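Examination of the molecular architecture
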Amino acid sequence: MDATSYGPGLLSFIIVAAIGLALFFLLKNMNKQMRKIQVPHDHHEDERRGNGPEA
């Protein structure tokens, strides 16, 4: 090999592609888990805004 024919190589590309693929599946799973979360309703916020029950 001469000084001008070097590069990161195939192994480096495979590692970066595997990290990208893992990131894709992790984000997909995170979005699925986030959709399952149910936020509790805050009654105090409604009362402050005037949307609560009449006293």
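This report concerns the structure included in the present document. (Residues numbered from 1 in each chain as written. Predicted model: local features only at pLDDT ≥ 70, side-chain atom pairs only at ≥ 80, totals over all residues. Heavy atoms only, no water.)

Digging into the overall build of the protein chain
Put simply, the rule is: Numbering goes from the N terminus for both helices and strands, where a helix is a DSSP run of H or I of at least four residues and a strand is a run of E of at least two. Whether a residue is buried, partly exposed or exposed follows from its accessible area with a 1.4 Å probe, protein chains only, as a fraction of its type maximum: under 20%, in between, or over 50%, in that order. Using a 1.4 Å probe, the Shrake-Rupley method yields the accessible areas, and only the shown protein chains count as cover for residues.
Summing up its helical and strand segments, the protein chain has two helices and zero strands in all. Per-residue burial over the protein chain gives 4% buried out of 55 residues. As displayed, the protein chain has an accessible area near 5700 Å², and 65% of this comes from carbon and sulfur atoms.

As for a positive patch on the surface
So the rule is basically this: Like charges are joined within 9 Å and nonpolar side chains (Val, Leu, Ile, Met, Phe, Trp, Tyr) within 5 Å, but only among residues with over 30% relative accessible area and no salt bridge; these make up the patches. Salt bridge, as used here: a side-chain nitrogen of Lys or Arg that lies within 4 Å of a carboxyl oxygen of Asp or Glu. Neither His nor the chain ends is counted toward charge; the positive residues are Lys and Arg and the negative residues Asp and Glu. Charged side chains are reduced to one point each, which is NZ for Lys, CZ for Arg, CG for Asp and CD for Glu.
A cluster of basic residues, Lys 28, Lys 32, Arg 35 and Lys 36, forms a positive patch on the protein surface. Looking at the element boundaries, Lys 28 is found in helix 1 (residues 9-36). The exposure class assigned to Lys 28 is exposed, which follows from its relative accessible area of 51%.

Digging into the packing of aromatic side chains
The way to describe two aromatic rings as a pair is by their centre distance and the angle between their planes. So the rule is basically this: Two rings from Phe, Tyr or Trp (for Trp, the six-membered ring) form a pair when their centres are within 6.5 Å of each other. A pair whose planes differ by under 30 degrees is stacked, one over 60 is edge-to-face, and the rest are tilted.
Using the criterion set out here, one finds one aromatic pair in the structure. Between the aromatic rings of Phe 24 and Phe 25, the centroid separation amounts to 5.2 Å while the plane-to-plane angle is 70°, which identifies the pairing as edge-to-face.

A word on a nonpolar patch on the surface
Taken together, the side chains of Leu 23, Leu 27, Met 30, Met 34, Ile 37 and Val 39 make up a nonpolar region of the molecular surface, amounting to roughly 630 Å² of accessible area. Among the secondary structure elements, Ile 37 is positioned in the loop between helix 1 and helix 2 (43-49). Residue classification places Ile 37 among the exposed positions, given a relative accessible area of 54%.

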